[in-house]
Amino acid sequence: MVQQTEVETVKVTMYCTDWCPYCIRAEKLLASKGAIINKINLDDQPDRRAEMVERTGRKTVPQIYIGDRHVGGHDEIVSLDKNGDLDVFLRNGSSST
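Notes on the structure in this doc start here. These numbers come from a predicted model, not from an experiment.

Some details on the pattern of salt bridges
So, step 1. Under the criterion given, the structure shown has five salt bridges.
So, step 2. In this structure, the salt-bridge partner of Lys 39 is Glu 27, at a minimum N-O distance of 3.2 Å. Of this pair, Lys 39 sits in strand E2 (residues 37-41) while Glu 27 is found in helix H1 (residues 21-32), placing the two residues twelve residues apart along the sequence.
So, step 3. Of the charged contacts, one joins Glu 76 and Arg 58 as a salt bridge, the two residues approaching to 3.4 Å between their closest N and O atoms. Of this pair, Glu 76 sits in helix H3 (residues 74-82) while Arg 58 sits in the loop between helix H2 (48-56) and strand E3 (63-66), placing them 18 residues apart in sequence.
So, step 4. The exposure class assigned to Glu 76 is partly exposed, which follows from its relative accessible area of 30%.
So, step 5. Several salt bridges converge on common partners, so that one network encompasses Lys 33, Asp 81 and Asp 87.

A word on the sheet that holds E3
So, step 1. As summarised here, the arrangement of the four strands in space is E2-E1-E3-E4, forming an open sheet in which the pairing is mixed. The strands lining the two open edges of the sheet, one partner per strand, are E2 and strand E4 (69-72). On average, each strand axis in the sheet is inclined to that of its neighbour by 25°, with strand direction left out of account.
So, step 2. Note that E3 and E4 share three bridges and pair antiparallel. Looking at E4, one finds that Tyr 65 is bridged to His 70.

Some points on H1
So, step 1. With twelve residues, H1 extends 17 Å between its outermost C-alpha atoms, agreeing within 8% with the 16 Å of an ideal straight helix rising 1.5 Å per residue.
So, step 2. Of all the residues in H1, the buried ones are Cys 23, Ala 26, Leu 29 and Leu 30. Buried residues of H1, seen end-on, are gathered within an arc of 130° and therefore sit on one face of the element. Among the exposed residues of H1, those oriented more than 90 degrees off its buried face are Lys 28 and Ser 32.

Things to note about H3
So, step 1. Listed in full, the buried residues belonging to H3 are His 74, Ile 77 and Leu 80. Taken end-on, H3 shows its buried residues confined to a sector of 125°, consistent with a single buried face. Opposite the buried face of H3, by more than 90 degrees, sit the exposed residues Asp 75 and Lys 82.
So, step 2. Summarising the contacts, the buried residues of H3 are in contact with H1, E3, E4 and helix H4 (85-92).
So, step 3. Gly 84, located one to two residues past H3, shows a positive phi value of around 90°.

Points about the pairing of strand E1 (residues 12-16)
So, step 1. The element E1 is extensively covered by neighbouring structure, given that five of its five residues are classed as buried.
So, step 2. Of the two faces of E1, the one carrying Val 12, Met 14 and Cys 16 and the one carrying Thr 13 and Tyr 15 are both buried.
So, step 3. In this structure, E1 lies alongside E2, joined through five bridges in parallel fashion. Each bridged residue has a counterpart across the sheet, and for Met 14 the counterpart in E2 is Lys 39.
So, step 4. Sheet topology note: the E1/E3 ladder contains four bridges and is antiparallel. Across the sheet, Val 12 pairs through a bridge with Ile 66, a residue of E3.

Criteria and thresholds
Residues numbered from 1 in each chain as written. Predicted model: local features only at pLDDT ≥ 70, side-chain atom pairs only at ≥ 80, totals over all residues. Heavy atoms only, no water. Salt bridge = Lys/Arg side-chain N within 4 Å of Asp/Glu carboxyl O. Helix = DSSP H or I, 4+ residues; strand = E, 2+ residues; numbered from the N terminus. Buried < 20%, exposed > 50% of the residue type's maximum accessible area, 1.4 Å probe, protein only. Pairing = 2+ DSSP bridges. Axes fitted to C-alpha atoms, helices over the stretch in contact; angles between N-to-C directions. Expected span 1.5 Å × (residues − 1). Arc of directions from axis to C-beta. Contact = heavy atoms within 4.5 Å.

Right, here's the structure in full:
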């Protein structure tokens, strides 16, 4: 019998809105990897948008951090997933081995 073990992931923070389809897709992808996402919902906390822009230099959502590293938005995490780096980042932070 194969024993399954739960893989601990690093902290994921995502600036998002309720109505953004890319936010929803990014959340689903991250959740499918077992990530626990700290969502900063800009609909509920509009004052946090300035914080997001200051931290990322970008005005669009989603903006995603894995650990302390800004990895970008939806397109960037899809790219990371396709080349296998998303799983590594979620296990080890932003450093790939």
